[in-house]
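Breakdown of the fold
Chain by chain, the residues:
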Amino acid sequence: MAASTASRLSPPRPTASSPYPRPPPRLSRFSSLRAAKMEAVLSIGTHVIPHPRKVETGGEDAFFVGGDGGGVFAIADGVSGWAEKNVNPALFSREVMANSSTFIKDEEASNDPQILLMKAHAATSSIGSATVIIAMLEKTGTLKIASVGDCGLKVIRKGQVMFSTYPQEHYFDCPYQISSEAIGQTYQDALVCTVNLMEGDMIVSGSDGFFDNIFDQEILAVISESPGIDEAAKALAELARKHSVDVRFDSPYSIEARSRGFDVPWWKKLLGAKLTGGKMDDITVIVAQVKTVAVPDDEGSGVEQEKGGEQVTVAATASAEQNE
Ligand SMILES: [Mn+2]
């Protein structure tokens, strides 16, 4: 009817009996729109350079990247010793990563990297073993990490390394590893950590072929010089590759080897020689940057947020302020 259409088009008028120009529900709706919630998300760049002798097969490292939660990534490094038993070491690492990308959709595994590792490992039927690291960012800004072996992860904040995982090993050059065999390690052996991240934090993760061939200071320099995460991942991988084939480079790997008592024969030492050189290996690098995005908070008003209903929402907001 004409009358009802006209009434729909006309602006709401305060009734004479109301003490407010607008009804209270409108005010509360307005404040809820203003109180947008900050959510953390990862931008992720990757780069892989296979071992010089494994270029054709693509090497034995594998990785996966996903957008679940605030972002997730994982690296698996197939243990190359299996080649001596006529087993392709890449099959196990690739299957573990494929299974991880499947089980990340599983509710229980989606917010616990250790559970994800358990499920991905249990579902893997290939013969072999691998070192594995899985990292997932919650939208609240908490990074959860599970690592078995010597893949690594560092967090860089304001130009400094503020967090680093450490390698697990049985002895030099024999890392913890999940395996098709009962003798291997499991998710229960994983190094598990959580790190509260802030906007702008950079994560650098990689297989041992990366961290054995590059120093923290070099990582920091490359990160600071790179225009973006993709460029940073590529530049880091290429620098590590260059060192890995340089027999004169005193790499983290050589320094570690010497500190464990490995060195050139005594007669070479008399001539002033020492064990140096990079370690040739597959090199996988993942660089991720933490960003915060504003999403409308439909669940509650700003007042509820200020009461601290969600602890890390406050942290993410605070970090955004600190980075201004
Ligand atoms: Mn490796």
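As for the overall build of the chain
- Scanning the chain for helices and strands turns up 12 helices and 13 strands.
- Classification of the 324 residues of the chain by burial places 43% in the buried group.
- Across the chain, the fraction of contacts at a sequence separation of at least 24, relative to all contacts at a separation of at least 6, is 73%.

Describing the environment of Glu-138
- Structurally, Glu-138 can be placed in the loop between strand E4 (129-137) and strand E5 (142-148).
- Residues Glu-138 and Gly-71, 67 residues apart in the sequence, show an inter-C-alpha distance of 7.5 Å.
- Contact partners of Glu-138, with chain neighbours within four places excluded, come to Gly-69, Gly-70, Asn-111 and Lys-144.

Digging into the pairing of strand E12 (residues 202-206)
- A large share of E12 lies buried, amounting to 5 of its 5 residues.
- Both faces of E12 are covered, namely the face carrying Met-202, Val-204 and Gly-206 and the face carrying Ile-203 and Ser-205.
- Where strand E6 (residues 152-157) meets E12, 5 bridges bridge the pair, whose relative direction is antiparallel. Residue pairing for E12: Gly-152 is matched across the bridge by Gly-206.
- For E12 and strand E13 (residues 283-295), the ladder comprises 5 bridges, and the chain directions are antiparallel. Residue pairing for E13: Ile-203 is matched across the bridge by Ala-288.

Considering the packing of helix H3 (residues 89-103) against helix H5 (residues 113-122)
- Contact geometry for H3 and H5: axes closest at 8 Å, N-to-C directions at 125 degrees. Considering the angle they form, H3 stands oblique to H5. Taken as a pair, H3 and H5 cross one another with a handedness that is right-handed. Within the contact between the two elements, H3 uses Val-96, Asn-99, Ser-100 and Phe-103 and H5 uses Leu-116, Lys-119, Ala-120 and His-121.
- By residue class, the composition of the contact of H3 with H5 is 4 nonpolar, 3 polar and 1 charged.

Remarks on unusual backbone geometry
- If you check the backbone angles, Lys-158 has positive phi at about 50 degrees while not being a glycine.
- In this fold, Lys-158 is placed in the loop between E6 and strand E7 (160-164).
- A positive phi angle, close to 75 degrees, is found at Asp-173, a residue other than glycine.
- For Asp-173, the position within the fold is in the loop between strand E8 (169-171) and strand E9 (174-175).

Topic: the sheet that holds E12
- With antiparallel pairing, 5 strands are arranged side by side in an open sheet as E1-E13-E12-E6-E7. Strands at the two margins of the open sheet, each flanked by one partner only, are strand E1 (37-49) and E7. In this sheet, adjacent strand axes meet at a mean angle of 25 degrees when their direction is disregarded.
- Across the sheet, helix H8 (residues 229-244) lies against E1, E12 and E13, angled at about 160 degrees from E13, the strand it touches most.

Observations regarding the environment of Ile-156
- Along the chain, the position of Ile-156 falls in strand E6.
- A residue is classified by how many C-beta atoms lie within 10 Å of it, and Ile-156, with 22 of them, is buried.
- Once residues within four sequence positions are removed from consideration, Ile-156 is found in contact with Val-161, Asp-201, Met-202, Val-204, Leu-220 and Ile-223.

Re H8
- With 16 residues, H8 should reach 22 Å at 1.5 Å per residue; the first-to-last C-alpha distance of 22 Å fits that figure.
- Buried residues along H8 sit against E1, E12, helix H6 (208-211), helix H7 (216-225) and E13.

Re the pairing of strand E2 (residues 61-66)
- The pairing of E2 with strand E3 (residues 72-78) spans 6 bridges and is antiparallel. In the sheet register, Gly-66 faces E3, and the bridge partner there is Val-72.
- Between E2 and E3, which follow one another and run antiparallel, lie 5 residues, and Gly-69 among them has a positive phi close to 60 degrees.

Topic: the confidence of the model for the chain
- Within the chain, residue pLDDT values average 86, and 81% of them lie at 70 or more.
- Scored below 50 in pLDDT, residues 1-15 makes 1 contact in the model with residues more than four places away or belonging to other chains.
- The low-confidence segment residues 300-324, where pLDDT is below 50, has 39 contacts with residues more than four positions distant or belonging to other chains.

Section: the environment of Ala-257
- Among the secondary structure elements, Ala-257 is positioned in helix H9 (residues 252-259).
- Since 19 C-beta atoms lie within 10 Å of it, Ala-257 is described here as partly exposed.
- It is 8.1 Å that separates the C-alpha atoms of Ala-257 and Leu-275, two residues lying 18 residues apart in sequence.
- Those residues in contact with Ala-257 that lie beyond four places of it in its chain are Phe-172, Phe-262 and Leu-275.

A short note on the packing of H7 against H8
- Where H7 contacts H8, the two axes come as close as 9 Å, and the packing angle between them is 145 degrees. Crossing of H7 against H8: the hand is right-handed. Here Glu-218, Ile-219, Val-222 and Ile-223 of H7 come into contact with H8, specifically with Ala-232, Ala-235, Leu-236 and Leu-239.
- In terms of residue class, the contact of H7 with H8 is built from 7 nonpolar, no polar and 1 charged.

How each quantity is defined
Residues numbered from 1 in each chain as written. Predicted model: local features only at pLDDT ≥ 70, side-chain atom pairs only at ≥ 80, totals over all residues. Helix = DSSP H or I, 4+ residues; strand = E, 2+ residues; numbered from the N terminus. Buried ≥ 20, exposed ≤ 12 C-beta atoms within 10 Å, placed from the backbone. Contact = placed C-beta atoms within 7 Å. Pairing = 2+ DSSP bridges. Axes fitted to C-alpha atoms, helices over the stretch in contact; angles between N-to-C directions. Parallel < 35°, antiparallel > 145°, perpendicular 65-115°, else oblique. Left-handed = near helix turned anticlockwise from the far one by under 90°. Nonpolar A, V, L, I, M, F, W, Y, C, P; charged D, E, K, R; others polar. Expected span 1.5 Å × (residues − 1). pLDDT = per-residue confidence, 0-100.

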